[in-house]
Each structure stands twice: as structure tokens, then as C-alpha cells.
Amino acid sequence: MKVLVGLSWWVDSAVSAALLLEQWYEVVWWFMKNYVSEKWNCTTFKDAEEAIKVAKFLWIELLSFDLQKEYQERIIDYIFEWYSRWITPNPDVLCNSLIKFDVFLNKAIEKWFDYIATGHYARIEGKDWAFSLLQWVDSWKDQSYFLSWLNQYQLSKSIFPLWWMTKQQVREKAKEIWLPNAERKDSQWLCFIGNVPIRNFLMQKFPEKQWDILDLNWKKVWTHKWAYFYTIGQKQWLWLNFKAYVYRIDIENNILYVTDKDAEELKTRELIAKDWHWINPNKWRDLLQSKKKLSGKIRYRQIPAVSCEIESNWDNSLRVVFDNEQRAVAPWQVFVLYDGDECLGNWMIG
């Protein structure tokens, strides 16, 4: 079986390739050049050097493909468009669904590969077009949230070799086989762009201008430089001399309203999720009819997922009711639904 490993240039994809070689797969490594810029702290060329080192060490072929055009059209332009409409997208969810498991997967199939493989922290189970996406063994590092837009075809053609390992075991494996990037730190950066804060990246399109920050009593407490940069529940970049969180964004007047962490204005027990996507469409009707207790995440770092029930609306949206109040539910962020360890799909929060 031929497997094309999507190189994310970090230790996870390197260990994934090594594990597949041990299982006697025919492995080829593909470096995706998605973004190059001299303006930012762009790491593409450094990443390419690391990729070459690992490929030589593992004695595997390294292919390179330029996806800058696709990445610009599908991710970067999309991000700017959404922010211009006062919508805060999730770049990592978009990157997985529109680049890694779409463009990259299609390129692999065109070149007669049987599967693609990545170093994602998640599990795939199933066969015969009945595949399930499951959470990883380490819930803190689990990436099923970012993979929740995948479909049956994409899962059927994908392998996650790290499915049974913890992060510590991945690092230990890398050191055990002397991988040249075994000590490289994990990336916390914007997907495929590099070490640049999203705020600085957006300032290419949205010039700074001062507007007001008001508290619950409509008292001006400071100024901000553009409401595009904020989302509900955010506390970073407010530059206040007290702890506060964004609870409302006045789009028309570009005013931020802030409150303290435990204010009722930041709490809700339900949300409407729009444009639903089921990973396995055959399951959704039974789940809705059974009134089964499920769980969900309104953000990636919500661990564990919180208990909830769902109801279908006439307009292809879901009403989600939580057992307990949730804090800082942000419109247009991704809500991901789970049945135990199984990731069922996602929806945009209305």
C-alpha cells in the first residue's frame, strides 16, 4: 500500500512516517509549500530544511508541491472576508477541511496513492463507508475538534498512525530512533503561516483606528484599535488595568463592551448551530429521535466536552441545550458534537 504522508515538518509527522515504514507501507513524504512571506517570521524555508533532513534520515522520497494559490484562495482570502463581515473564523478547522484533506488528498489520489497520512492526534475506526472519527488517547492534545468537518470519503482515505500513542510516547519514539527533529518544539502558530499573531496578520487589511471600550454602565474605560480583532469572551489585547472580558461587540458603532469573568451577560444555557455537518450522515436521524444525551465543545480547549441535548430546527440548524450554563459562547465559532469518544460533526454557532 502506498501512503503519502503530509509533512507538517514537526516531530508528529516524522514519527508517523517512521511508524508506517515499520508496518511495511510504501511511504513517500510530501512537503506542502502553502505560504511564503518576507514580511512575517515565515518559517517555510526553515521547515523545508528540516523536512529534507528527516527524509534523508528515513531514506524516503520527498516530494514538494506548491499550494500557495489554493491556500491564498481557500484560507487567507476567506479569513479576510470573514473578518470584514465581523465573523471570527477558525483557521485550523478550515485548513484541515479545505487544504490537507481536500487539495492534498486529491493530489495524492491523482498520483495513485492508496492513502494519505498525517500526524494528527485522533483515531479512525470503521470500514465500508461507515467510518467514525474518535478522540485521541490524550484528551488534552486531542485534535478531533479541528477535524470535525471531515466526511466519510476523507476518513476512508486517511491514516492517523499516532492514534494509540500519547504525546510523551511520540517524543520518546522520536528520540529512540534518533530523528533529527526529535527535540523540535510543537507549533502554536497560525496554520501554515508561521510565527505571526493573527492580530498582526489582519492589520494588512484592516488599518488601526481608535474606538471606545465601555463597561456594563456604559462608562468608557479605554479604547481599542478595531473590533475585528476581538471575539466574545476575549481578554487579550484589551490593555486594561483590571481583568475584563468582551461580552458584546457593537458592529455598527465599532464599540466593545466588557465585563468581569462571572457576569451573567457572558453566560447561556443554549445556542443555535447553523449549517450542520455530520461526519456520518446515516447517524443523525436516529440521534435526534432518541433524545440521547450527548456532549459538545464551544471551543477547542473545552475539556472535557460538556453534556447537552440537541433538537433539529426546520432551517437545517440545531438547537443545543446544555445541562449547565456555558460561558462566552462566541457567534461563528465552531461547535463540535460528541457521542462519547466519537466526534459526530460540527456547526457554526449562530
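Above: the structure in question.
Residues numbered from 1 in each chain as written. Predicted model: local features only at pLDDT ≥ 70, side-chain atom pairs only at ≥ 80, totals over all residues. Heavy atoms only, no water.

**Considerations on the pairing of strand 14 (residues 306-312)**
What counts is decided by this rule: One requirement defines pairing of two strands: DSSP has to find at least two bridges between them. Going along the chain from the N terminus, every DSSP run of H or I of four or more residues is numbered as a helix, and every run of E of two or more is numbered as a strand.
Pairing of strand 13 (residues 294-297) with strand 14, which is carried by three bridges, proceeds in the antiparallel orientation. Pairing of G296 across the sheet is with V306, part of strand 14. The pairing of strand 14 with strand 15 (residues 318-327) spans five bridges and is antiparallel. The partner of C308 across the bridge, within strand 15, is F322. Hairpin geometry of strand 14 and strand 15 is characterised by an intervening segment of five residues between the two adjacent antiparallel strands and by a positive phi of about 65° at N316.

**Some points on the sheet that holds strand 2 (residues 26-33)**
The five strands lie next to each other as 3-2-1-4-7, forming an open sheet whose pairing is parallel. Whereas interior strands pair on both sides, the edge strands pair on one side only; in this sheet they are strand 3 (61-66) and strand 7 (158-159). Summarising the sheet, strand 4 (residues 115-117) and strand 7 pair through two bridges and their orientation is parallel. The partner of A117 across the bridge, within strand 7, is I159.

**Looking at the environment of F206**
Rules: Should any heavy atoms of two residues lie within 4.5 Å, those residues are counted as being in contact.
Within the secondary structure, F206 is located in the loop between helix 7 (198-202) and strand 8 (211-214). Each C-alpha atom, one on F206 and one on P180, is 40 Å from the other, the two residues being 26 residues apart in sequence. Residues contacting F206, with those up to four places away along its chain left out, are F80, Y83, S84, Y228 and F229.

**Considerations on helix 3 (residues 68-84)**
For an α-helix, 3.6 residues make a turn, and residues three or four places apart therefore share a direction. Stated formally: One axis is fitted to the seven residues ending at the residue and one to the seven starting there. The bend at that residue is the angle between these axes. Whether a residue is buried, partly exposed or exposed follows from its accessible area with a 1.4 Å probe, protein chains only, as a fraction of its type maximum: under 20%, in between, or over 50%, in that order.
Where helix 3 bends most, at Y78, the angle is about 30°. The set of residues buried in helix 3 consists of Y71, I75, I76, I79, F80, W82 and Y83. Packing partners of the buried residues in helix 3 comprise helix 4 (91-110), helix 7 and strand 17 (342-349). One or two positions beyond helix 3, positive phi appears at W86, with a value near 65°.

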